[in-house]
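As a plain string of letters, each chain reads:
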Amino acid sequence: MQTVQAIQLIPLSVSARSQLIAEYANMVNVPAELNSDLHRAYQIAAVLTPALSGFIQHQIQVDIAQGSVLESDRQSAAIATECEQFADRFIASMPTLVRSPEEMELNPRNLYELCGAAVFIESNSISRQLSTRMGELWEKIVRISPSAVSPEQDFGLKITGIDIVIWCQQTQSPVFSQLKTTRGTLTGSQVPRSRSELGLHKHSLFAAAFCLGKWTFSSPNIRRVCGAEFWSMAGLDYELLKFHVKQTILKIQSAYVELQQEPPI
């Protein structure tokens, strides 16, 4: 099988990388026993994996030459920037996250809407959307590290079930990782699918950004990590992360309280 080399990918735009990898992936034969939902993930990973070592090592060398972003002050500033941008985007979207009273009365979707409990309705909708969107924030923060890449953001291609790839210094190999907010994010019915998605890769990881709740994911072959253990793999400081995430959530909460206090138009 022909493989893409890191030296081919490094100078290209994300869209050009996507096109090149896709062309090579089309030539990859998929094992007959593999679930059809994972065929494309298998092909893309087969092409991309051999190039990741050189690609990530290049990122690391560039980072060192520029004065590493992993130095405490620079890392803190980089994390703060991602958190602030996330908070500003989310705050701007809040007025659109709640349906109008007329919509809720005509077609209530839950008990709060049926009863017209406006405060519960809005707070429930805001917190649910915030929890959903925060997954994107963790990916952006991990990518601050030169030891990490995102298949979608760096190569323009999705690998089913993989959010981030981290270079492991111990094994000298890329680790394909599924990243959730807490240890209990997955429901029981979602666990088999995650096992299948991660099982495609020689080195894979199920990670939780924070050590909260009880683990719902388990596997005899796939490692699971949370909190500081996960972030340190990318050279990132868990305490810095928690500090900036706290500021972000409190900023969003304050904006929500202000929104509640605004007189209706």
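Residues numbered from 1 in each chain as written. Predicted model: local features only at pLDDT ≥ 70, side-chain atom pairs only at ≥ 80, totals over all residues. Heavy atoms only, no water.

S.K.: Can you explain the overall build of the chain? Please cite residues and give values.
M.R.: For the chain, the helix and strand inventory stands at 11 helices and five strands. Summarising its shape, the C-alpha atoms of the chain cover approximately 60 × 45 × 35 Å along the three principal directions. Counting all 265 residues of the chain, 42% fall into the buried class. Counting contacts in the chain only where the partners sit at least 6 residues apart, residues at least 24 apart contribute 61% of the total. In the structure as shown, the chain presents an accessible area of about 14,300 Å², 53% of it carried by carbon and sulfur atoms. (Helix = DSSP H or I, 4+ residues; strand = E, 2+ residues; numbered from the N terminus. Buried < 20%, exposed > 50% of the residue type's maximum accessible area, 1.4 Å probe, protein only. Contact = heavy atoms within 4.5 Å. Areas by Shrake-Rupley, 256 points an atom, 1.4 Å probe, with all protein chains shown as cover.)

S.K.: Go over the state of the cysteines, please, and point to the residues and values.
M.R.: In the structure shown here, the tally under the stated rule is one disulfide. The side chain of Cys-211 participates in a disulfide bridge whose partner is Cys-226; the two sulfur atoms lie 2.1 Å from each other. On the sign convention where negative is left-handed, the bridge of Cys-211 and Cys-226, at about 100° about the S-S bond, is right-handed. Here the residue Cys-211 occupies a position in the loop between strand 4 (204-208) and strand 5 (223-226), and Cys-226 occupies one in strand 5, the gap between them amounting to 15 residues. Exposure remark for Cys-211: the relative accessible area of 33% places this residue in the partly exposed category. For Cys-226, a relative accessible area of 10% gives the class buried. Here Cys-168 is not cross-linked by a disulfide; its sulfur's nearest cysteine counterpart is in Cys-226, at 17 Å. Exposure remark for Cys-168: the relative accessible area of 15% places this residue in the buried category. (Disulfide = S-S within 2.5 Å.)

S.K.: So what about the packing of helix 4 (residues 72-93) against helix 11 (residues 238-261)? Which residues, and what values?
M.R.: Axis separation between helix 4 and helix 11 bottoms out at 9 Å; the angle between their running directions is 25°. Taken together, helix 4 and helix 11 sit at an angle that is classed as roughly parallel. The element helix 4 and its partner helix 11 pack so that their crossing is right-handed. Residues Ser-72, Gln-75, Ser-76, Ile-79, Ala-80, Cys-83, Glu-84, Phe-86, Ala-87, Asp-88, Phe-90 and Ile-91 of helix 4 lie in contact with helix 11, whose contacting residues are Leu-240, Leu-241, His-244, Val-245, Thr-248, Lys-251, Ile-252 and Ala-255. For the contact of helix 4 with helix 11, the per-class residue count stands at 12 nonpolar, five polar and three charged. (Axes fitted to C-alpha atoms, helices over the stretch in contact; angles between N-to-C directions. Parallel < 35°, antiparallel > 145°, perpendicular 65-115°, else oblique. Left-handed = near helix turned anticlockwise from the far one by under 90°. Nonpolar A, V, L, I, M, F, W, Y, C, P; charged D, E, K, R; others polar.)

S.K.: Would you mind going over the pairing of strand 3 (residues 173-180) in detail, with residue names and values included?
M.R.: Most of strand 3 is tucked away: seven of the eight residues are buried. The sheet contact formed by strand 2 (residues 164-168) and strand 3 spans five bridges and is antiparallel. Across the sheet, residue Ile-164 finds its bridge partner in strand 3, namely Ser-177. Hairpin geometry of strand 2 and strand 3 is characterised by an intervening segment of four residues between the two adjacent antiparallel strands and by a positive phi of about 55° at Gln-172. Across five bridges, the pairing between strand 3 and strand 4 is parallel. Note on strand 4: the bridge partner recorded for Ser-177 is Leu-205. Traced from strand 3 through helix 9 (residues 191-198) to strand 4, the parallel crossover comes out right-handed. (Pairing = 2+ DSSP bridges. Right-handed = clockwise from strand over helix to strand, strands pointing away.)

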